[in-house]
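What follows is each chain in one-letter form.
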Amino acid sequence: MSLYADLPRVTYEGPESTNPLAFRWYDANRVVLGKTLAEHLRPAVCYWHSFCWGGQDPFALGQPLFERAWFQGEPMAAARLKLDAAFDFFDRLGLPFWCFHDRDVAPEGATLRESHAMLDTLLEKAARKMEDTGVRLLWGTANLFSHPRYMGGAATNPDPEVFAHAAAQVKHVLEWTHRLGGANYVLWGGREGYETLLNTDLSRELDQYGRFLAAVVEHKHKIGFTGALLIEPKPKEPTKHQYDFDTATVYGFLKRYGLEHEVKVNIEVNHATLSGHSFEHEVATACALGLMGSLDANRGDEQLGWDTDQFPNNHVALVPALHALIAHGGFSSGGMNFDARVRRQSLDPADLLAGHIGGIDTLARAFLCAAALHESGELTQAVQQRYAGWNGALGQRILGGASLQALSDEVLSRGLDPRPVSGRQERLENLVNRFV
């Protein structure tokens, strides 16, 4: 019997419930804006933080703090135990999706061929479990950052042999993601960046990254994978500066290499704040640029300047971002995966369940608030009213290509003297607060 087999199955009990292992806001079958909450949120459990992290911090290397049977013993036997435990956990929590890195699921072999073979064995077992449980794959990805070979990057490494190794690893995981019916494939460039410009050729590394991503796009179409390819922006950690700094940077990169119609973004809350942006800014930017793909649901700590990966617990803070997502039309292939981990002193197996329960309840409550705000139409109407002039004759002439000379002539001939108009920020903030 696995670590999580004795935990209760989590059910929805409503806002008045005091049961710490029950949903208070996430009623998966509740219909909002024409779809169920489960269909809107498409929530997923992440394999890495939930089942691979042993509770170590940078000052506690070595033996894991958490007592898990799969942290010891023969690597493949341990990986099988971990997979069993993970699917037991999925069953108890009842969320519809999961996601993984290749090295989360299977250990690294002495050669890539051996690594592939071990991953095949474990993912064949995962495929059977998915068929038995109905849990689907939100996305798969390859770990191109943990092994020492990637210390100088994967696609952006100065050694083309490392580039080739990374390409072979991505090919294998992309094909498995396709075979498992994955909705997306994610590329997180954790070491695609630099520590110092003294030994870095920026132009060369960007061209390498562009070629790598183009090769992934080519292989996606070759094998018939219909899911989305996603880049996950992050400004730093583990490198000093990463080339996928934020959504706008990713868009510029994709545009340069002609990939803006092939790749979208997977936005993480904590990465957004590390880049100096709000989460809603990153979501709104992705929607405006046509890059909205998927979301990592977590939070950081305002007093700590690194990626703390905590479960979300403030629904009010998430309402503007989810309102932007709803206005955009919601997810297509994306969803919300919990790239979050329990705290080091949360030792009990039930603590992991509680973290996910609190996280999905926070998202559900935020979504319900954002949906009500969207249905009222008040915020949308206020924004439309603010830009109404652009629907008029002058606005349309400008957008139609009016020259500086033509605009100058019009201002001078009509004596235009526009006056400032209030942005009504405080009233709009109060409006949002009515719905939270």
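In this report, the structure presented in the accompanying data block is examined.

Conventions used here
- Residues numbered from 1 in each chain as written.
- Predicted model: local features only at pLDDT ≥ 70, side-chain atom pairs only at ≥ 80, totals over all residues.
- Heavy atoms only, no water.
- Buried < 20%, exposed > 50% of the residue type's maximum accessible area, 1.4 Å probe, protein only.
- Helix = DSSP H or I, 4+ residues; strand = E, 2+ residues; numbered from the N terminus.
- Pairing = 2+ DSSP bridges.
- Polar contact = N/O pair within 3.5 Å; in protein donor to acceptor, adjacent residues only side chain to side chain.
- Contact = heavy atoms within 4.5 Å.
- Expected span 1.5 Å × (residues − 1).
- Salt bridge = Lys/Arg side-chain N within 4 Å of Asp/Glu carboxyl O.
- Core = buried A, V, L, I, M, F, W, Y, C linked by side-chain atoms within 4.5 Å.
- Phe/Tyr/Trp six-rings, centres within 6.5 Å; stacked < 30°, edge-to-face > 60°.
- Lys NZ or Arg CZ within 6 Å of the ring centre and 35° of its normal.
- Axes fitted to C-alpha atoms, helices over the stretch in contact; angles between N-to-C directions.
- Parallel < 35°, antiparallel > 145°, perpendicular 65-115°, else oblique.
- Nonpolar A, V, L, I, M, F, W, Y, C, P; charged D, E, K, R; others polar.
- Patch = residues over 30% accessible without salt bridge, like charges linked within 9 Å, V, L, I, M, F, W, Y side chains within 5 Å.
- Areas by Shrake-Rupley, 256 points an atom, 1.4 Å probe, with all protein chains shown as cover.

1. Quick notes on the pairing of strand E4 (residues 97-101)
Residues in a regular strand project their side chains so that they alternate between the two faces of the sheet. The element E4 is largely enclosed, with a buried count of five among its five residues. By the alternation rule, side chains of E4 split into Phe97, Cys99 and His101 and Trp98 and Phe100, which are all buried. The pairing of E4 with strand E5 (residues 136-141) spans five bridges and is classified as parallel. Of the residues in E5, the one forming a bridge with Phe97 is Arg136.

2. Details of unusual backbone geometry
Note on backbone geometry: most residues besides glycine have negative phi, and most peptide bonds are trans. Between Glu237 and the following residue, Pro238, the backbone shows a cis peptide bond with an omega angle of 10°. Summarising the element assignment, Pro238 is placed in the loop between strand E8 (228-231) and strand E9 (241-242). For Arg424, which is not glycine, the phi dihedral falls at a positive 55°. As for its placement among the helices and strands, Arg424 is situated in the loop between helix H15 (404-414) and helix H16 (425-434).

3. Things to note about the side chain of Gln169
Looking at where Gln169 falls in the secondary structure, it is placed in helix H6 (residues 160-179). At a separation of 2.9 Å, a polar atom in the side chain of Gln169 contacts the side chain of Asp102. Those residues within four positions of Gln169 in sequence are excluded, and the remaining contacts are Asp102, Arg103, Leu112, His116, Ala142, Asn143, Leu144 and Tyr150.

4. Topic: H6
Between its first and last C-alpha, H6 extends 29 Å over 20 residues, near the 28 Å set by a 1.5 Å rise per residue. All buried positions along H6 are accounted for by Val162, His165, Ala166, Gln169, Val170, His172, Val173, Leu174, Trp176 and Thr177. Two or three places before Glu161, at the start of H6, stands the capping residue Asp159, its side-chain oxygen 2.9 Å from that residue's backbone nitrogen. Once H6 ends, the next one or two residues include Gly181, with phi positive near 75°.

5. Overview of the pattern of salt bridges
Pairing is possible between side chains of opposite charge, provided their charged atoms come close. Within this structure, the stated rule accounts for 18 salt bridges. Among the ionic pairs, Asp102 bridges to Arg103, the shortest N-O distance being 3.5 Å. For the residue pair Asp102 and Arg103, the accessibility class agrees, reading buried in each case. The partner of Lys171 in a salt bridge is Glu175, and the shortest N-O contact between them spans 2.9 Å. Of this pair, Lys171 and Glu175 both sit in helix H6, four residues apart, which is roughly one turn of the helix. The partly exposed category is assigned to Glu175, whose relative accessible area is 26%. A cluster of three or more residues bridged by salt bridges with shared partners is formed by Asp102, Arg103, Glu108 and Arg149.

6. Some remarks on the nonpolar core
The nonpolar side chains of a soluble globular protein tend to be buried, and buried together. In terms of nonpolar packing, the biggest core is built from 110 residues, with Phe90, Trp98 and Val283 touching the most fellow members. Counting residues per element, this core draws most heavily on helix H12 (residues 349-376), which supplies 13 residues. Formed by 10 residues, the second largest nonpolar core is a distinct cluster that contains Phe97, Cys99, Val186 and Ala228.

7. Examining the environment of Ala370
Position of Ala370 relative to the elements: it lies in helix H12. The sequence separation of Ala370 and Val436 amounts to 66 residues, and the corresponding C-alpha distance is 8.2 Å.

8. Topic: the packing of aromatic side chains
The final tally for this structure, using the stated rule, is 21 aromatic pairs. Ring geometry for Phe87 against Phe90: centres 4.9 Å apart, planes inclined by 70°, an arrangement best described as edge-to-face. One end of the pair, Phe87, and the other, Phe90, are both in helix H3 (residues 75-93), three residues apart, so they sit about a helical turn from each other. In this structure, Phe87 and Phe90 share a single accessibility class: buried. A centroid spacing of 6.4 Å and a plane angle of 50° characterise the contact between Tyr194 and Tyr243, whose relative ring orientation is tilted. In this pair, Tyr194 is assigned in strand E7 (residues 193-194) and Tyr243 in the loop between E9 and helix H8 (247-256), connecting sequence segments 49 residues apart. Grouping residues by exposure puts Tyr194 and Tyr243 together as buried. Here Arg149 stacks its cationic end above the ring of Tyr150, 5.5 Å away from the centre of that ring.

9. Looking at the packing of helix H7 (residues 202-223) against H8
The N-to-C vectors of H7 and H8 enclose an angle of 75°; their axes lie 10 Å apart at closest approach. When the axis of H7 is compared with that of H8, the two are roughly perpendicular. On the side of H7, the interface is formed by Leu206, Asp207, Tyr209, Gly210 and Leu213, while H8 contributes Phe253, Leu254 and Arg256. Counted by class, the contact of H7 with H8 contains five nonpolar, one polar and two charged residues.

10. What about a nonpolar patch on the surface?
Together, Val383, Tyr387, Trp390, Leu394, Ile398 and Leu399 make up an exposed nonpolar region whose accessible area comes to about 550 Å². The element that contributes the greatest number of residues to the nonpolar patch is helix H14 (residues 393-399), accounting for three residues. Here Leu399 shows up in helix H14.

11. A word on the pairing of strand E3 (residues 43-46)
Residue alternation in E3 divides its side chains into two sets, Pro43 and Val45 and Ala44 and Cys46, and both sets are buried. As judged from the three bridges shared by E3 and strand E12 (residues 336-338), these two strands associate in the parallel manner. Paired with Pro43 across the bridge in E12 is Met336. Pairing between E3 and E4: three bridges, direction parallel. Considered in E4, the bridge of Val45 is made with Trp98.

12. Regarding the sheet that holds E3
Read around the closed barrel, eight strands run E3-E4-E5-E6-E8-E10-E11-E12, paired in parallel fashion. For this sheet, the mean inter-axis angle between neighbouring strands, taken without regard to orientation, is 30°. Contacting E8 and strand E10 (263-268), H8 crosses the sheet at an angle of about 165° to E10.

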